[in-house]
Amino acid sequence: MKTATLTIQGMHCEGCSATIQALLQRTEGVRKTAVSFKQGEARLLYDSRLVTLEQLIEVIQKAGFDVTGRSDD
């Protein structure tokens, strides 16, 4: 398992963070997510054998949000 924190721009409300969280949770390999509108970030626990961090970033970007920073194990 790996963890990552992604900085996200473009969230305007709690609904945006809920949308991102739902999309990430539906992604195979994601074990846990916490998306915060106030902090502008997503924290992830994922299985790197099933999904890459780049694929997770792509999920967020396809939803119309920008990933401007990342910190991962």
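Along each chain, numbering runs from 1 in the same order as the chain's sequence is written. Selection of residues for local features in this predicted model requires a pLDDT of at least 70, selection of side-chain atom pairs for listing and counting requires 80 or more, and totals for whole chains, interfaces and linings are taken over all residues. Calculated side-chain values reflect all of the structure's heavy atoms, with hydrogen atoms and water omitted.

(A) The arrangement of the pattern of salt bridges in detail. Any carboxyl oxygen of Asp or Glu that lies within 4 Å of a side-chain nitrogen of Lys or Arg is treated as forming a salt bridge with it. Under the criterion given, the structure shown has 6 salt bridges. Taking the shortest distance from any N to any O, the salt bridge between Arg43 and Glu41 comes out at 2.9 Å. Overall, the relative accessible area of 46% leaves Arg43 in the partly exposed class. For Arg70, the salt bridge is made with Asp72, and the minimal N-O distance between the two is 4.0 Å. The network of salt bridges with shared partners includes Arg31, Asp47 and Arg49. Only protein chains enter the accessibility calculation, which uses a 1.4 Å probe; a residue is then buried when its area is under 20% of its type maximum, exposed when over 50%, and partly exposed in between.

(B) Summary view of helix H2 (residues 53–62). Residues of H2 that are buried include every one of Leu53, Leu56, Ile57 and Ile60, and no others. An end-on view of H2 places all buried positions within 100° of arc, on one side of the element. Throughout, a residue-residue contact means that at least one pair of heavy atoms, one from each residue, lies within 4.5 Å. Starting at the N terminus, helices and strands are each numbered in turn, a helix being any DSSP run of H or I of at least four residues and a strand any DSSP run of E of at least two. Residues of H2 that are buried in the fold lie against strand S1 (2–9), helix H1 (14–25), strand S2 (30–36), strand S3 (41–46) and strand S4 (66–72). Count one or two residues on from H2 and you reach Gly64, which has phi positive near 100°. Each direction from the helix axis to a C-beta atom contributes to the arc, which is the arc of those directions.

(C) Fine view of the state of the cysteines. The criterion for a disulfide is a pair of cysteine sulfur atoms lying within 2.5 Å. Summed over all chains, the structure comprises 0 disulfides. Lacking any disulfide linkage, Cys13 is separated from the closest cysteine sulfur, that of Cys16, by 3.9 Å.

(D) Representation of the nonpolar core within the structure. We define a nonpolar core as any set of buried Ala, Val, Leu, Ile, Met, Phe, Trp, Tyr and Cys residues linked to one another through side-chain atoms lying within 4.5 Å. Ranked by size, the top nonpolar core spans 19 residues in total, and within it Ile20, Leu24, Leu53, Leu56 and Ile60 carry the most contacts. If you list the elements that add at least two residues to this core, you get S1, H1, S2, S3 and H2. With 4 residues, H2 is the single largest residue contributor to this core. The contact partners of Leu56, leaving out residues within four places of it in the chain, are Leu24, Thr27, Val30, Leu44, Tyr46 and Val51.

(E) Seen up close, the sheet that holds S2. Spatially, 4 strands are ordered S2-S3-S1-S4 in an open sheet, and the strand pairing comes out antiparallel. The open sheet is flanked by S2 and S4, the only strands paired with a single partner. Looking at each pair of strands side by side, their axes are set apart by 20° on average, direction ignored. Only strands that DSSP links by at least two bridges are regarded as paired with each other. The pairing of S1 with S4 spans 6 bridges and is antiparallel. Following the sheet pairing, Leu6 is matched in S4 by Arg70. Fitting a line to C-alpha atoms yields each axis, with helices limited to the stretch in contact; the angle taken between N-to-C directions then spans 0 to 180 degrees. Contacts from H1 reach S1, S2 and S3, with the element oriented near 170° to S2. Along the sheet, H2 contacts S1, S2, S3 and S4; its crossing angle with S4, the most-contacted strand, is approximately 155°.

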